[in-house]
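# Summary of structural features
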Amino acid sequence: LSKKVEDAMASRLLRGAGALAAQALRARGPSGVAAVRSMASGGGVPTDDEQATGLEREIMLAARKGLDPYNVLPPKRASGTKEDPNLVPSITNKRIVGCICEEDNTSVVWFWLHEGEAQRCPRCGAHYKLVPHQLAH
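Because the structure is predicted, anything quoted here is derived from the model rather than measured. (Residues numbered from 1 in each chain as written. Predicted model: local features only at pLDDT ≥ 70, side-chain atom pairs only at ≥ 80, totals over all residues. Heavy atoms only, no water.)

### A word on the UniProt feature "modified residue: N6-acetyllysine" (unreviewed entry) in the protein chain
Sites flagged by UniProt as "modified residue: N6-acetyllysine" (unreviewed entry) map to K76, K94 and K129. Considering the arrangement of structural elements, one finds K76 in the loop between α3 (54–64) and β1 (86–90). Accessibility expressed as a relative area gives 75% for K76, which makes it exposed. Structurally, the position occupied by K94 is in strand β2 (residues 94–99). Look past the residues within four positions of K94 in its chain and what remains in contact with it is W112, L113, H114 and L130. (UniProt positions renumbered as here; feature names shortened; annotations may be inferred. Helix = DSSP H or I, 4+ residues; strand = E, 2+ residues; numbered from the N terminus. Buried < 20%, exposed > 50% of the residue type's maximum accessible area, 1.4 Å probe, protein only. Contact = heavy atoms within 4.5 Å.)

### Some words on the sheet that holds strand β5 (residues 127–132)
With respect to topology, 3 strands assemble into an open sheet ordered β1-β5-β4, the strand pairing being mixed. Edge positions in the sheet fall to β1 and β4 (119–120), since each has one partner strand and no second. Where β1 meets β5, 5 bridges bridge the pair, whose relative direction is parallel. Bridged to L87 within β5 is K129. (Pairing = 2+ DSSP bridges.)

### Structural notes on the nonpolar core
Counting residues in each nonpolar core, the largest one holds 11 residues, listed as V88, V97, C99, C101, V109, F111, L113, C121, A126, Y128 and L130. When residues of this core are traced back to their parent elements, those giving at least two are β2, β3 (109–114) and β5. If you tally residues by element for this core, the top one is β3, at 3 residues. Filtering out sequence-adjacent residues up to four positions away, V109 remains in contact with V97, G98, C99, C101, C121, P122 and R123. (Core = buried A, V, L, I, M, F, W, Y, C linked by side-chain atoms within 4.5 Å.)

Shown next as structure tokens:
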């Protein structure tokens, strides 16, 4: 590159850095401390409650009441016996279920669970029962 082009590039670089430094200085208050800009009610970072909207907010409010209207939380594990089966919510009369038979197992056993009596996993024998679930809307 020619000396003239190099000087022009260096000049642009320094002007850009100077503009950034000036912007940073303007952002500071009269005491020299950086001014904090926040939309949070008490200042600082807004909480999840302050910024959640729509479906996310609806799910958060329902979770506080112990509800799961859209079935987004993981199901509660039961002992898996015939007397205390794992409850699987469904809006239809059948649902496909995946069972990880052992904690360190890397494969999933898939099977259809139908409405009615509790059913067993074909591999490990854990019991699952389909329960009706109504959607929130």
